[in-house]
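A structural walkthrough
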Amino acid sequence: VIESPDGLRTLSERLDPSREQLCTSVCQTIANVAEAPEARPLLAECGAVARLASIHGEQAHPDIVRRSAAEALRQCQFAHLPFQPLPGRTVDPADHP
């Protein structure tokens, strides 16, 4: 996907929240691609990160789609361990001493 011409752009264009199963599958694929550190800036450049943030921020989308977008977004923005909390979730400091 990274090496194919326009592969990431084409993938990010498939992020259609009205097609729940397709959108969640594409979110998972993007999260998997973002496991490669070199893919993360490319995902931002092709608009995938912005699209994921938009999907996650839209309350009208189904929860499963929004959660999938949040998981993919977190992986795209990964910099170091531990993982940052999922977008939209708060962390209880007592849980993380």
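Here's what I pulled together on the structure shown here. (Residues numbered from 1 in each chain as written. Predicted model: local features only at pLDDT ≥ 70, side-chain atom pairs only at ≥ 80, totals over all residues. Heavy atoms only, no water.)

**As for helix α4 (residues 48–57)**
- What α4 keeps buried is the set Ala48, Val49, Leu52, Ile55 and His56. When α4 is viewed along its axis, its buried side chains cluster within an angular range of 125 degrees and face the same direction.
- Among the structural elements, α1 (7–13), α2 (20–33), α3 (39–45) and α5 (63–76) are those in contact with the buried residues of α4. (Buried < 20%, exposed > 50% of the residue type's maximum accessible area, 1.4 Å probe, protein only. Helix = DSSP H or I, 4+ residues; strand = E, 2+ residues; numbered from the N terminus. Arc of directions from axis to C-beta. Contact = heavy atoms within 4.5 Å.)

**Digging into the nonpolar core**
- The biggest cluster of nonpolar side chains holds 21 residues, and the ones touching the most others in it are Leu15, Cys27, Ile30, Leu43, Leu52 and Cys76.
- Of all the secondary-structure elements, those providing two or more residues to this core are α1, α2, α3, α4 and α5.
- Ranked by the residues each element gives to this core, the list is headed by α2, at six residues. (Core = buried A, V, L, I, M, F, W, Y, C linked by side-chain atoms within 4.5 Å.)

**What about the packing of α4 against α5?**
- In contact at an axis separation of 8 Å, α4 and α5 are set at 145 degrees when each is read in the N-to-C sense. As α4 packs across α5, the resulting crossing turns out to be left-handed. In this structure, α4 contributes Val49, Leu52, Ala53, Ile55 and His56 to the contact, and α5 contributes Val65, Arg66, Ala69, Ala70, Ala72, Leu73 and Cys76.
- Of the residues assigned to the contact of α4 with α5, the class counts are ten nonpolar, one polar and one charged. (Axes fitted to C-alpha atoms, helices over the stretch in contact; angles between N-to-C directions. Left-handed = near helix turned anticlockwise from the far one by under 90°. Nonpolar A, V, L, I, M, F, W, Y, C, P; charged D, E, K, R; others polar.)

**Structural notes on the side chain of threonine 24**
- With respect to the helices and strands, the residue threonine 24 is situated in helix α2.
- According to the relative accessible area criterion, threonine 24 is buried, its value standing at 18%.
- Within the structure, the side chain of threonine 24 is placed 3.0 Å from the backbone oxygen of glutamine 21, a separation counted as a polar contact.
- The contacts of threonine 24, once residues within four sequence positions are left out, are Ile64, Val65 and Ser68. (Polar contact = N/O pair within 3.5 Å; in protein donor to acceptor, adjacent residues only side chain to side chain.)

**Observations regarding the environment of glutamine 84**
- Its place among the elements puts glutamine 84 in the segment after α5.
- Between the C-alpha atoms of glutamine 84 and arginine 74, which are ten residues apart in sequence, the distance is 7.1 Å.

**A look at the pattern of salt bridges**
- Under the criterion given, the structure shown has four salt bridges.
- For glutamate 13, the salt bridge goes to arginine 9, with nearest N and O atoms at 2.4 Å. Taken together, the residues glutamate 13 and arginine 9, both in helix α1 and four residues apart, mark about one turn of the helix.
- Glutamate 71 is the partner of arginine 74 in a salt bridge, and the nearest nitrogen-oxygen pair spans 3.3 Å. Of this pair, arginine 74 and glutamate 71 both sit in helix α5, three residues apart, roughly one helical turn.
- Overall, glutamate 71 belongs to the partly exposed group, its relative accessible area being 38%.
- Via salt bridges that share partners, Asp6, Arg9 and Glu13 belong to a single interconnected network. (Salt bridge = Lys/Arg side-chain N within 4 Å of Asp/Glu carboxyl O.)

Note that every value here comes from positions in space, so none of it alone points to a role or purpose.
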